[in-house]
Each structure stands twice: as C-alpha cells, then as structure tokens.
Amino acid sequence: MGRKLLLEKAHVEGIRYYDTYRKNGGYDAAEKALKMSPADIVEEVKKSGLRGRGGAGFPTGMKWSFLAKPEGVPRYLVCNADESEPGTFKDRYLMEFIPHLLIEGLLISSFALGSNRTYIYIRGEYAWIVDILEQAIAEANQAGFLGKNILGAGFDCQIYVQRGAGAYICGEETALIESLEGKRGNPRIKPPFPAIKGLWDCPTVVNNVETLAAIVPIMNIGAEEYAKIGIGKSTGTKLISACGNINKPGVYEIDMTISVEEFIYSDEYCGGIPNGKRLKACIPGGSSVPILPANLLLTTAKGEKRMMTYESLADGGFPTGSMLGSGGFIVLDEDQCIVKNTYTLARFYRHESCGQCSPCREGTGWMEKILHNIETGKGKMSDIDLLWDIQRKIEGNTICPLGDAAAWPVAAAIRHFRDEFEWHVLHPEEAQKRNFGLAHY
Ligand code: NAD
Ligand code: SF4
C-alpha cells in the first residue's frame, strides 16, 4: 500500500464538515505554521521538493520565492480550480470530499505569501462544489481560521470563490487572472510572470488545488519527511485520475514509487483492462501530453521500467517520452481508433482556442478538418504530411501553451501510429463503416 497524505481521511464520515475535520487533526498544520515566520514556511516548501500539481511540475517553493514584495502593494494568492484538462478530475474529488484540506492549505499559503485576499477560481461546471467550498469557508470563519487576526498571529485573511463560465483557456494562469478581473479570458504574454505582475497588476501566485492542499501534510510531517517519499525530484504523493479502458476508473493517490505497469494492472489501482483486451496506448498526463504506445509506456527507450514519476514519464523526451502532466491518465485498449481519438482532441482544442494568435486559431481548425476527413475515409496520403507540417508550425509559436497542447497529440499520434492514418486513407470505405468506441474522458 502506498503512502496516503491527501486522501487518507477523505472517506471518514462527515469529514466535509469542520467539526469532524478538526477532530481528525485538521487545522493542526495551520496552528503550527502560523507560529512560524512566512520566510520559514517558504523555505520548508522549497525543502519538500513539492512541484506544481496542475501539470507543469514547476517547483512550488521556487515559484513562491519569485513573488515580488514592493512596499504598500497587495499580494495575492489565487487557487486554480479551473480543472478542465480532458481526463483530469482529481481536484474535483479533493474539493468535494475533503474541502477543508484545501482551505487549510490556502490559509497557510496565504500567510506565507502575505495574501490577505485569496481567491479560488473554479470552473463553472463544478457548481455544486462551490456550495461545498462556501460552506467550508463559512465554518473556517466561524472557528477563527479565517477573518481578522487569525489565531492571534496578527494576520487577516479572507477567501473568495469565483466561478468561471466554462472556458478551458481560463485554466491558463494569465487568462484566469484576466477573467478574475472581469475581462475576457485571453492569455497574457509572459514575462512578466504573475509573480511580478498578476492580479490587478500586483504580485500574484497562482497554484493548483492539489499543490495547495499538499502544503498541509508538508507542515504536518515536515519537509524532510515529505521529500523522502518518491524518487528523485518527484517527491511526495500525487493524485491520478484514471479513466478509459480500465476495470477501476477513479482517483488514486500514488506515492511516486510505483511503475506504470503496476498502476494499470494492480488491483489497488486500475485493476487491469476489461475483457482481457490488450493495452494499446495511454495518454498519461491529461490530453495535452503526448500519447505513448504500450511498449514505450511500460518501458523507456533505454529499456528501463517506466515509473509514475515526472522524470521517468518524460524520459527520452518527445517522441519516446511523455509527461506526468496533470495526472489525467487515459488508457486505450486494442479496439480504440487512434485517428478518431486524435480527431476528438483536435476538435476540443479548436473549440477552446481563444483565437488571439494565428497559428493556434487557424491551425487547430485546419487540423480538425483534415483529421475529420481522414477519419471518415475522405483523406489523402498527403494529408498526413500536411498535418505534420501544421502541428510543427503551431508548436512554440503561440502566446500560451494551448497551442503546444493542440500540436503534441497530433504529432505523437502520427509518430507512433502512422500506419493507422495510412490505413484510413487506403481503406476509405472500411474507415467510414468502422465505428470504434472512444475512451471516455
Ligand atoms: P509553465 O511551465 O509556463 O509555468 C509554470 C509556472 O511557473 C507558472 O505559474 C509560471 O508563472 C511559473 N514560472 C515559470 N517561470 C517563471 C519565472 N521565471 N518567474 C516566475 N514564475 C515563473 O506552465 P503553465 O502554463 O503554468 O502550465 C502548463 C501545463 O498546464 C501543461 O503542461 C498542462 O499539463 C497543464 N494543464 C492543466 C490543466 C488542468 O486542468 N489541470 C489544464 C490545461 C493545462
Ligand atoms: Fe489563445 Fe491559442 Fe494563442 Fe493560447 S495559443 S493565446 S489559446 S490563440
């Protein structure tokens, strides 16, 4: 059994409510942290090796230490709960079952960063979770863990929940900030990073839900202990939302010492593939990361066992590696059609592009149309190379990572499954008749 730090108590009856959470050790970490200096907390988070759990894996302590502190200017902490990456539903689980873990993490982090007004920006579709969070915030206020002069530490903090309106792009941190300011959610050019110029042009840290919740166990067990869990620079535990063709879809907390094979086949996690089917491929970190065929998924190009860590999943770089990303783990069995799968993703990215930069705005629509043609038996052999050229012209040439995220699935699918694209072109009638199921994410 792997170590559990976030979800260990998620199923204790009534843990959603303050009294039960408190009786189970809740807010002990906050009491400890508010006796420390903010600088010491930042140091502790640095020592823990915690990396951003939203997808990029950027070291959290380092991000915090970048926060500018000009005299007389407010600083903000914003929690990114706009979880919209296809295949990713781990933050939803955490907020729904153990909301006070996030509120406690937010309180400690707000104190460390000097944020008196902290925001949770949550995707609009998570409407029922807004109620859960607001109830938890009200309870924390009543218990004196939010509000004025918290625990007599001379620190004031209030948390506000803001709902998004259903745009995936608002999960990108600068688009999120624009949206929070009441504007259209268009990403800004970086630098300046939010740590220097963020919400209302003030220094701002934007962290993912899981990252902020992880601050609580770090304070409870200490950074050194936390850093001992995992392998190399993949420290602590990580939530993985597993879906697609597996026996046990759901949210799992792993301690980043297990192999991908164990994660897919062991009964503790995904429980294998239904009906004895073979594993065909997997998108291991949410739809934005490259798909890997079964052989490369289980073993790296160097012939080593692929582990569920940031480094091992990326080992070999593109095209033989992928990324741990947001932890949205999508498994495809032998019956899945890669062309249809890639088309579905292309359609998603075209729909979600904000349209600011031409390579993304034009390229995503163009890729979607070509993929639709190939999938429905109307494609030409030259379309495959055209697709390749279009994705290459998007990657690295856009304001925000959505462009790359749209390009990579197409690139990886062609690299690893070119024969399937060619089959569709060579067998148009069969391609039209084929109606493979899709992994649901
Ligand atoms: P990024 O690598 O550009 O940035 C990571 C973080 O580090 C940002 O907060 C950025 O401000 C900060 N940073 C980096 N360099 C800095 C510097 N020099 N000074 C100050 N701060 C600095 O990545 P990103 O745009 O935050 O995230 C992209 C990832 O998001 C993708 O890899 C994808 O996996 C993931 N994603 C997740 C979801 C989801 O629902 N969880 C949705 C879409 C995308
Ligand atoms: Fe908008 Fe796409 Fe450009 Fe990002 S890459 S700013 S989503 S057009």
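Residues numbered from 1 in each chain as written. Chains lettered and ligands numbered in written order. Predicted model: local features only at pLDDT ≥ 70, side-chain atom pairs only at ≥ 80, totals over all residues. Heavy atoms only, no water.

A. Representation of the environment of Lys197 in the model. Within the secondary structure, Lys197 is located in the loop between α8 (173-180) and β4 (204-208). Along the sequence, Lys197 and Leu67 sit 130 residues apart, while their C-alpha atoms lie 9.3 Å from each other. Other than its neighbours up to four places away in sequence, Lys197 contacts Arg188, Pro192 and Cys202. (Helix = DSSP H or I, 4+ residues; strand = E, 2+ residues; numbered from the N terminus. Contact = heavy atoms within 4.5 Å.)

B. Up close: unusual backbone geometry. Of note, the bond from Lys190 into Pro191 is cis; its omega dihedral lies within 30 degrees of zero at -10°. With an omega dihedral of 5°, the bond running from Pro191 to Pro192 counts as a cis peptide bond. Within the secondary structure, Pro192 sits in the loop between α8 and β4. For Asn149, which is not glycine, the phi torsion reads 45° and is therefore positive.

C. Looking closely at the site of ligand 1. Near ligand 1 lie 17 residues; those nearest to it are Gly54, Lys63, Ser84, Glu85 and Glu173. With respect to ligand 1, the backbone of Gly54 contributes an N or O atom lying 3.1 Å from a nitrogen atom. Within the contact set of ligand 1, an oxygen atom lies 2.7 Å away from a side-chain nitrogen or oxygen of Lys63. Notes on ligand 1: free accessible area 860 Å², of which the protein chains cover 73%. The class makeup of the residues in the shell around ligand 1 is 8 nonpolar, 4 polar and 5 charged. (Near = heavy atom within 4 Å. Polar contact = N/O pair within 3.5 Å; in protein donor to acceptor, adjacent residues only side chain to side chain. Areas by Shrake-Rupley, 256 points an atom, 1.4 Å probe, with all protein chains shown as cover. Nonpolar A, V, L, I, M, F, W, Y, C, P; charged D, E, K, R; others polar.)

D. Broad picture of the side chain of Ser288. Relative to the assigned elements, Ser288 resides in the loop between β9 (279-283) and β10 (292-293). At a separation of 3.0 Å, a polar atom in the side chain of Ser288 contacts the side chain of Tyr349. Not counting residues within four places of it along the chain, the set of residues in contact with Ser288 comprises Glu85, Tyr168, Tyr349, Ala405 and Trp408.

E. Just the site of ligand 2, in detail. By nearness alone, 13 residues border ligand 2, and Cys354, Gln356, Cys357, Cys360 and Cys400 come closest of all. Of the residues in the shell around ligand 2, the class split is 8 nonpolar, 5 polar and no charged.

F. How the structure looks around the sheet that holds β10. In space, the 5 strands of this open sheet follow the order β8-β7-β11-β9-β10, with mixed pairing throughout. Taken across any chain shown, the strands that pair with only one partner, and hence form the sheet edges, are β8 (250-254) and β10. Where strand β7 (residues 238-244) lies against β8, 5 bridges are found, and the strand directions are antiparallel. Considered in β8, the bridge of Ile240 is made with Tyr252. (Pairing = 2+ DSSP bridges.)

G. Up close: the pattern of salt bridges. Under the counting rule described, the total for this entry stands at 28 salt bridges. For Glu181, the salt bridge is made with Lys183, and the minimal N-O distance between the two is 2.7 Å. Among the residues examined, Glu181 registers a relative accessible area of 17% and is labelled buried. When its relative accessible area of 43% is taken as the criterion, Lys183 is described as partly exposed. The closest approach of N and O atoms between Glu334 and Arg278, which form a salt bridge, is 3.4 Å. (Salt bridge = Lys/Arg side-chain N within 4 Å of Asp/Glu carboxyl O. Buried < 20%, exposed > 50% of the residue type's maximum accessible area, 1.4 Å probe, protein only.)

H. Representation of the packing of helix α6 (residues 99-113) against helix α9 (residues 209-221) within the structure. It is at 7 Å that the axes of α6 and α9 come closest, and there the two elements cross at 80°. Judged on the interaxial angle alone, α9 and α6 are roughly perpendicular. Where α6 abuts α9, its residues Leu101, Leu102, Glu104, Gly105, Leu106, Ile108 and Ser109 lie against Val209, Leu212, Ala213, Ile215, Val216 and Met219. Considering only residue class, the contact of α6 with α9 consists of 10 nonpolar, 2 polar and 1 charged. (Axes fitted to C-alpha atoms, helices over the stretch in contact; angles between N-to-C directions. Parallel < 35°, antiparallel > 145°, perpendicular 65-115°, else oblique.)

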